[in-house]
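# Examining the three-dimensional arrangement
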Amino acid sequence: MPKVVVHDINGKNFKIDSKSLIFNPAVYGIIIKRNKILLLPVGDKYALPGGSIEMGEGHIEALTREIKEETGLGIKPTKILNIYTSLYKSFKTGTNYHCIQLFYICKITTAKQEKIRFTVDEKKYLKPAQWVDISKLKSLKYIGSEPVFADIMKNYKKESNI
């Protein structure tokens, strides 16, 4: 089997056998309101709300479920911003994943925020979502697909209402 390179949360690379990868499709929401983007603090880094698509679940269904669980907000995806492939080592388990990540621009559909429903595992590393000034994106550290943040900034400037 061919060897591939996976990265961990700190950007360290590991060469592994591709056969050891677990396929993990995931969806993430980009929610911007009044020049602020909704992000989840993870230690000293940030992530977009979202996560894995469960077996038998559609990607839009997974997106709305993940956003509701992690932020308490109802959303509607308006367009897909980009799709990335990420080969990474989980900081939680050390498992190596081959992840196809879909990033959607979303609008909030609920007037009132519901209770956040982090899983037992998520409670160990996630903090409640925060609205962060979009101009600060360049200076933040991220977890996940770093190229999406450059896409967000480029598109936000272009359309000013991503």
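Residues numbered from 1 in each chain as written. Predicted model: local features only at pLDDT ≥ 70, side-chain atom pairs only at ≥ 80, totals over all residues. Heavy atoms only, no water.

The volume enclosed by the largest pocket comes to roughly 940 Å³. Contributing to the lining of the largest pocket are 42 residues, with Y28, Y88, F91, K92 and Y125 lying nearest its centre. When contributions to the lining of the largest pocket are tallied by element, the ones reaching two or more residues are β4 (26-33), β5 (36-42), β7 (50-52), α1 (59-71), β8 (75-89), β9 (96-108), α2 (120-123) and α3 (146-159). A breakdown of the residues in the lining of the largest pocket according to their chemical character gives 18 nonpolar, 13 polar and eleven charged. (1 Å grid on protein atoms, 1.4 Å probe; cavity = no way out; pocket = protein on both sides within 12 Å on 5 of 7 lines; lining within 4 Å. Points joined across faces, edges and corners; volume = space filled by probe spheres on them. Helix = DSSP H or I, 4+ residues; strand = E, 2+ residues; numbered from the N terminus. Nonpolar A, V, L, I, M, F, W, Y, C, P; charged D, E, K, R; others polar.)

Now for unusual backbone geometry. The phi torsion at R34 lies on the positive side, around 50 degrees, for a residue other than glycine. Mapped onto the fold, R34 is located in the loop between β4 and β5. R34 sits in the exposed class, given a relative accessible area of 71%. One non-glycine residue with positive phi stands out, namely N35, at about 65 degrees. The topology assignment puts N35 in the loop between β4 and β5. (Buried < 20%, exposed > 50% of the residue type's maximum accessible area, 1.4 Å probe, protein only.)

Here the focus is α1. Each full turn of the α-helix corresponds to 3.6 residues, which orients residues three or four apart in the same direction. If you check α1, its first and last C-alpha atoms are 18 Å apart, about what 13 residues at 1.5 Å a residue would give, namely 18 Å. Restricting attention to buried positions, one finds in α1 the residues A62, L63, R65, E66, I67, K68, E69, E70 and T71. Buried positions along α1 lie against β4, β5, β7, β8, β9 and α2. In the segment just after α1, G72 is the residue with positive phi, at about 80 degrees. (Expected span 1.5 Å × (residues − 1). Contact = heavy atoms within 4.5 Å.)

On to the side chain of N96. Residue placement: N96 occurs in strand β9. Only 3.3 Å separates the side chain of N96 from the side chain of K89, close enough to count as a polar contact. (Polar contact = N/O pair within 3.5 Å; in protein donor to acceptor, adjacent residues only side chain to side chain.)

Among the eight residues of β4, six are classified as buried, and the element is accordingly described as predominantly covered. With six bridges connecting them, β4 and β9 associate as parallel partners. Along β9, the bridge assignment pairs G29 with Y104. Pairing of β4 with β5, which is carried by two bridges, proceeds in the antiparallel orientation. Looking at β5, one finds that I32 is bridged to I37. Here β4 hands over to β5 after two residues, with R34 in that stretch at a positive phi of 50 degrees. (Pairing = 2+ DSSP bridges.)

In short, the description is geometric, and any link to function would need to be established separately.
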